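A structural walkthrough
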Amino acid sequence: MSTSGVVTYRGDRDTIIKGALRLCNAYDPENSAGPSTNQITFGAEALNMLVKSWEAHGLQLWERKWGVIFPRVNQSVYVLGSPGAAGDHACLATPLGYGNFISTTLSAAAASGAATISVTSITSAYTVGISVVTMTTLKAIGIELDTGDLQWTTINGAPSGTTVTLADVLTGAAASGNRVFYYATKMVRPLRILDGFVRQLSSGSDIPINTIPRENYNRFGIKTSTGPPVQLYYDPQINSGYVYIYPVFSNVDQLLFIEFQSPIEDFSTSTNDFDLPQEWGEALKFNLALAIAPEYEVSESKFKQIKLLADTSFDLVNDYDQENTSLFLQPNQMLMENFSRA
């Protein structure tokens, strides 16, 4: 006998809901009609609430993602919100800078009022495992003007070769070699920002950035000082997140990369997959059953059984989802010296 050779099994939204309902004896699985429409609707509501509550556990490896924030000269705070017109320009990325966005340059000068530009490349840098991004119509594009800042607009129609037509004409002149950035999808509001660095595009070198609390940021005397940012404070409000940097960018020849905790995606339709690794499927079913059990008045013994399954399955995958690396501890030399003198 042979094995399947397949390792892709995953359940969609309604599969998870039906499994939870069966655990609660909420419908007869032998009935071909299945659960009622209301049962599926209320189950989806409970399932979305459940995964949103799991965001509070935080720091799961699959929630940690990379993003890039495109710079603005002399701007000290950047607004990150849901995809749409609001907020500053930022998108998903990788720490190497591949995927999801394009960083290129103008291959020819463009005058103020120009409706087209010529770029060095309309595709992103490529590495194994990362899909190539190509400029397409209606997506965001930022052009460095000779004033030093970026003008953002969208692409109007498919590029012709390396010639790109803009939805809005340039508001200033742009010399050959000026920076051009492109991305397709805006990054959603991070739950937390964990780490980051500033990449110098001319040299390719990275400058580490220190994430700090609100109190430390408040103590900076002149918050508009310019230079490569080395400090970052993140204020995650309800609909938008505010990224405060210090110092502020003096040019756009650099990018701000952040490692952040990402929200878990919603279940919007019946066939939606879950935005978690495969091994979390069982924990989803058992914990959804626990969440809806009071609505179906399951017996006390049955509730205890479901709770045991829910707790065990969640602890298993939650404990597993950690970095498999060594932890090094060492004495604090300064404290030891002070202790010996005392």
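Everything that follows concerns the structure shown earlier in this document.
So, here's what we can say about the structure. (Residues numbered from 1 in each chain as written. Predicted model: local features only at pLDDT ≥ 70, side-chain atom pairs only at ≥ 80, totals over all residues. Heavy atoms only, no water.)

1. Observations regarding the sheet that holds strand S6 (residues 140–144)
Taken together, the four strands give an open sheet; going across it, the order is S4-S9-S6-S7, and neighbouring strands pair in antiparallel fashion. Here the strands that pair on one side only, and so sit at the sheet edges, are strand S4 (101–105) and strand S7 (150–154). On average, each strand axis in the sheet is tilted by 20 degrees relative to the strand beside it, whichever way the strands run. Inspection of the sheet shows S6 paired to strand S9 (residues 179–183) by four bridges, in the antiparallel sense. Looking across to S9, one finds that Gly 142 is bridged to Phe 181. (Pairing = 2+ DSSP bridges. Helix = DSSP H or I, 4+ residues; strand = E, 2+ residues; numbered from the N terminus. Axes fitted to C-alpha atoms, helices over the stretch in contact; angles between N-to-C directions.)

2. Describing the packing of helix H1 (residues 13–23) against helix H4 (residues 281–292)
Interhelical geometry of H1 versus H4 gives an angle of 55 degrees and a closest axis separation of 8 Å. In this view, H1 runs oblique relative to H4, as classed from their interaxial angle. Of the two elements, H1 crosses H4, and the hand of that crossing is right-handed. Counting all contacts with H1, which are made through Ile 16, Ile 17, Gly 19, Ala 20, Leu 21 and Leu 23, the residues of H4 involved are Leu 284, Lys 285, Phe 286, Leu 288, Ala 289 and Ile 292. (Parallel < 35°, antiparallel > 145°, perpendicular 65-115°, else oblique. Left-handed = near helix turned anticlockwise from the far one by under 90°. Contact = heavy atoms within 4.5 Å.)

3. Some remarks on the sheet that holds strand S10 (residues 192–200)
What the five strands build is an open sheet, ordered S3-S1-S15-S10-S11; its pairing is antiparallel. Only two strands of the sheet have a single partner each, and these edge strands are strand S3 (90–93) and strand S11 (206–208). In this sheet, adjacent strand axes meet at a mean angle of 30 degrees when their direction is disregarded. Note: S10 against strand S15 (residues 254–261), eight bridges, orientation antiparallel. Note that in S15 the partner of Arg 192 across the bridge is Gln 261.

4. Quick notes on unusual backbone geometry
Cis geometry marks the peptide bond from Tyr 246 to Pro 247; its omega dihedral reads -15 degrees. Within the fold, Pro 247 resides in the loop between strand S14 (240–246) and S15. For Asn 25, which is not glycine, the phi dihedral falls at a positive 55 degrees. A relative accessible area of 60% means that Asn 25 is categorised as exposed. Phi is positive for Leu 138, which is not a glycine, with a value near 70 degrees. Tracing the backbone through its elements, the reader meets Leu 138 in the loop between strand S5 (116–118) and S6. (Buried < 20%, exposed > 50% of the residue type's maximum accessible area, 1.4 Å probe, protein only.)

5. Describing the nonpolar core
In terms of nonpolar packing, the biggest core is built from 34 residues, with Cys 24, Leu 47, Trp 54, Leu 276, Trp 280, Leu 284 and Leu 288 touching the most fellow members. In contact with Trp 280, not counting residues within four places along its chain, are Trp 54, Gln 60, Trp 62, Phe 314, Val 317 and Asn 318. Grouped together as the second largest cluster of nonpolar side chains are 19 residues, Ile 122, Met 135, Val 164 and Leu 166 included. (Core = buried A, V, L, I, M, F, W, Y, C linked by side-chain atoms within 4.5 Å.)

6. Quick word on the packing of aromatic side chains
Two aromatic rings are characterised by how far apart their centres lie and by the angle between their planes. The tally for this structure, following the rule as stated, stands at 17 aromatic pairs. Here the aromatic rings of Trp 152 and Tyr 183 are separated by 5.7 Å at their centres, their planes lie at 65 degrees, and the arrangement is edge-to-face. Remark: Tyr 183 occurs in strand S9 and Trp 152 occurs in strand S7; sequence separation between them is 31 residues. Each member of the pair Trp 152 and Tyr 183 is classed as buried. Their ring planes at 80 degrees and their centres at 5.6 Å tell us that Trp 280 and Phe 314 sit as a pair that is edge-to-face. Linking Trp 280 in the loop between S15 and H4 with Phe 314 in helix H5 (residues 300–320), this pair joins segments that are 34 residues apart in sequence. (Phe/Tyr/Trp six-rings, centres within 6.5 Å; stacked < 30°, edge-to-face > 60°.)

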